[in-house]
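Each chain, written out:
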Amino acid sequence: MDEKKKRSKFSSKLGFVLSAAGSAVGLGNIWRFPYLAARYGGGIFLLIYLVLVLTFGYTMIIAESAIGRMTRKSPVGAYAHFGKDWMFRLGGWINAVIPILIVPYYSVIGGWVLKYLFAYVRGEETAVATGEYFTGFIGNGMQTEFWFIVFTLLVMLIIYMGVENGIEKVSTFMMPVLVVLALVLSIYAITRPGALAGVAYFLIPNVKNFSWMTVVSAMGQMFYSLSIAMGILVTFGSYMKSDHSIEESTGNVEIFDTAIAILAGLMIIPAVFAFSGGDPEVLKAGPSLMFITMPKIFVSMGFGRIVGFLFFLLVFFAALTSAIALAESAVSTFQDELKWNRKLSTFVLALIMVSLGTLSALGYGPLSGINLIKGMPFLDFFDFLTNSVMMPIAAMATCLLVVRVITVKGIADEVEKNGAPFKRKAIFNFMIKYLCPFFVAIILFSSVASVLGWIKF
C-alpha cells in the first residue's frame, strides 16, 4: 500500500487525457494515416477506421488503462500481479520491451523532423523541396546522429522532470497548440484551388473503392495510432487517480487522436490533389510523403516558408509527445522492476537510446551496407520487429489476461469505481472475448506476410 501511495500521479483528469492523447498522436497520424487513406479507398477507409476506433480501439484502451490503475504498476508488475503463469509474465515483459525498442528509432525520425524545422527557420524551403536534400541528409551520418541526439536530449530532459512537472505540463501545453496548428493548416490546404476534389475523396465513402485490404490497413493503422500494446496505457493508467472516469477519459483520447488524424488528412490529401492535378497516386509515396512530397507542395504555395515551418512544428510536437510517452513507459519499468530512482532510470534509458538509435541513424549512411530481413536497414527492422510482430503478440496477451484471469467483471468493477460510467460495457465484453483476439491475429499474419512477400500490402 505504501508503494502505491508513493507512486507518481497525474494531477488531473485533463493531464491524463492530454498525456495519453499525446502518446497516441504522433507520426502515424500525420503521414501514415493520410497515405493509407489515399491508397485504400479514401472515405470508405475513413469510415471503417472510425468504426474500429470506437470498438476495437476503445476496448483495448479501457483494458490497458484499467489494468494499470488496478495494480499501480508498469506492465511487467501488472501482468505478474494477475498472471502467475509464465506465459502471462512473458506478456508483461513483451509490453515493457516494446517502447524500449521503439523510442530509439522513433527519436531518429524525430531528429529528421527537427532538421527540417530548422531548415525552414533558416529559409531553405527551396533546397528542402528537392528529393536530393532528403537522401543527402539521411545518408550523412554526422548530421543524422547530431539531430537524433538533440531530439533525444529533449525527451530525456522532460522525462527527468517527472510525471506531473514534466510529461503532464508539456502535454498540456503542446496538445492544444498542436490542435490549433492542425486546424490552421487544414483550412489553408482545403482553400487551395483544386483542393475540394481531395476533400471529397477523403470524406465521402465510395463502396467501389472498398477491398479486404481496406479493412486490414485500417485495422493496422488504428492499432498503430492509439498506442495500443506498447505498455504506455498500462503505465499511464497506473498514474491515474481512482476518482477519474476511465471510460470518459478513453472517449476523450479517441476524440483527440481521431480528430488529429482527420485534420492531417485534410492538411495533406487536398493539398496533394491540388498540387498533382487530382492524381491520388502521388499520395502513395509512404514516408517520403512528409519529407519530399510535402516540401515540394509548400514551395509551390504562397507563404510556403511559413506553411512549411508550421507543418514541421506540428509534426515535431506530435513526435515529441509520443516519444515522451514511450520513454516514460520504459523508465517506469526500470523503477518498478529494478527499484532504480528516476535519475538512474532516465540515464540508463538514454544510454540504450543512443546505442540502438545510432544504428538506425547511421543505417542509411555509413551502415547502409548492413541489411537484415529482406534487405531492411536497422530502422526498418526495428519498426517491423516491434509494430508487426511484438505489438500484436502483446495485445493478444492482454486479451487473454483479461478474459482468463482478471475477467471482464474485474475490469468492469475498476471502470465503474466511485460510480463512474461504463456505457459501452456490452461492446467491451463482446470485443475483448471474441473480436479483439481475431483482429490481432489478422494484423500479425498480414503484417508478417506482407514483409515476406506472401501478400501485397
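As a reminder, the structure under discussion sits directly above these lines.
Scoring rules and cut-offs
- Residues numbered from 1 in each chain as written.
- Predicted model: local features only at pLDDT ≥ 70, side-chain atom pairs only at ≥ 80, totals over all residues.
- Heavy atoms only, no water.
- Axes fitted to C-alpha atoms, helices over the stretch in contact; angles between N-to-C directions.
- Helix = DSSP H or I, 4+ residues; strand = E, 2+ residues; numbered from the N terminus.
- Parallel < 35°, antiparallel > 145°, perpendicular 65-115°, else oblique.
- Contact = heavy atoms within 4.5 Å.
- Nonpolar A, V, L, I, M, F, W, Y, C, P; charged D, E, K, R; others polar.
- Patch = residues over 30% accessible without salt bridge, like charges linked within 9 Å, V, L, I, M, F, W, Y side chains within 5 Å.
- Areas by Shrake-Rupley, 256 points an atom, 1.4 Å probe, with all protein chains shown as cover.
- Salt bridge = Lys/Arg side-chain N within 4 Å of Asp/Glu carboxyl O.
- Buried < 20%, exposed > 50% of the residue type's maximum accessible area, 1.4 Å probe, protein only.
- Phe/Tyr/Trp six-rings, centres within 6.5 Å; stacked < 30°, edge-to-face > 60°.
- Lys NZ or Arg CZ within 6 Å of the ring centre and 35° of its normal.

A. Spotlight on the packing of helix H4 (residues 43-71) against helix H19 (residues 408-415). At their nearest, the axes of H4 and H19 sit 9 Å apart, and the two run at 75° to each other. Between H4 and H19, the crossing angle belongs to the class labelled roughly perpendicular. Of the residues in H19, those touching H4 at Ile-62, Ala-63, Ala-66, Ile-67, Arg-69 and Met-70 are Gly-410, Ile-411, Glu-414 and Val-415. For the contact of H4 with H19, the class distribution of residues is seven nonpolar, one polar and two charged.

B. View of the environment of Phe-445. For Phe-445, the location among the structural elements is in helix H20 (residues 425-451). Between the C-alpha atoms of Phe-445 and Ser-388, which are 57 residues apart in sequence, the distance is 8.7 Å.

C. Region of the structure containing a nonpolar patch on the surface. A cluster of nonpolar side chains, Ile-370, Leu-372, Ile-373, Phe-445, Leu-452 and Trp-454, forms an exposed patch at the surface whose accessible area comes to about 570 Å². Along the chain, Ile-370 falls in the loop between helix H17 (342-361) and helix H18 (378-406). Judged by relative accessible area, which is 39%, Ile-370 ranks as partly exposed.

D. Layout of H19. Among the eight residues of H19, six are classified as buried, and the element is accordingly described as predominantly covered. Of the residues making up H19, those classed as buried are Val-408, Gly-410, Ile-411, Ala-412, Glu-414 and Val-415.

E. View of the packing of aromatic side chains. All chains considered together, the criterion is met by 28 aromatic pairs. Ring centres 5.7 Å apart and planes at 80° place the aromatic pair Trp-112 and Phe-291 in the edge-to-face group. Here Trp-112, found in helix H6 (residues 86-121), pairs with Phe-291, found in helix H15 (residues 288-300); they are 179 residues apart in sequence, far enough to count as distant. For Trp-112, a relative accessible area of 7% gives the class buried. Judged by its relative accessible area of 3%, Phe-291 is buried. Between Tyr-201 and Phe-273, the ring centres sit 5.7 Å apart and the planes meet at 35°, which makes this aromatic pair tilted. Here Tyr-201 is found in helix H11 (residues 196-203), whereas its partner Phe-273 is found in helix H14 (residues 246-276), with 72 residues between them in sequence. For Phe-273, a relative accessible area of 7% corresponds to the buried category. Aromatic rings pair up to connect Trp-112, Tyr-116, Tyr-120, Tyr-133, Phe-134, Phe-291, Phe-298, Phe-311, Phe-312 and Tyr-364 into one cluster. Its guanidinium or amino end placed over the ring of Tyr-188, Arg-192 lies 4.0 Å from that ring's centre, counting from NZ or CZ. A cation over a ring is seen here: Arg-424 above Tyr-58, with NZ or CZ 3.9 Å from the ring centre.

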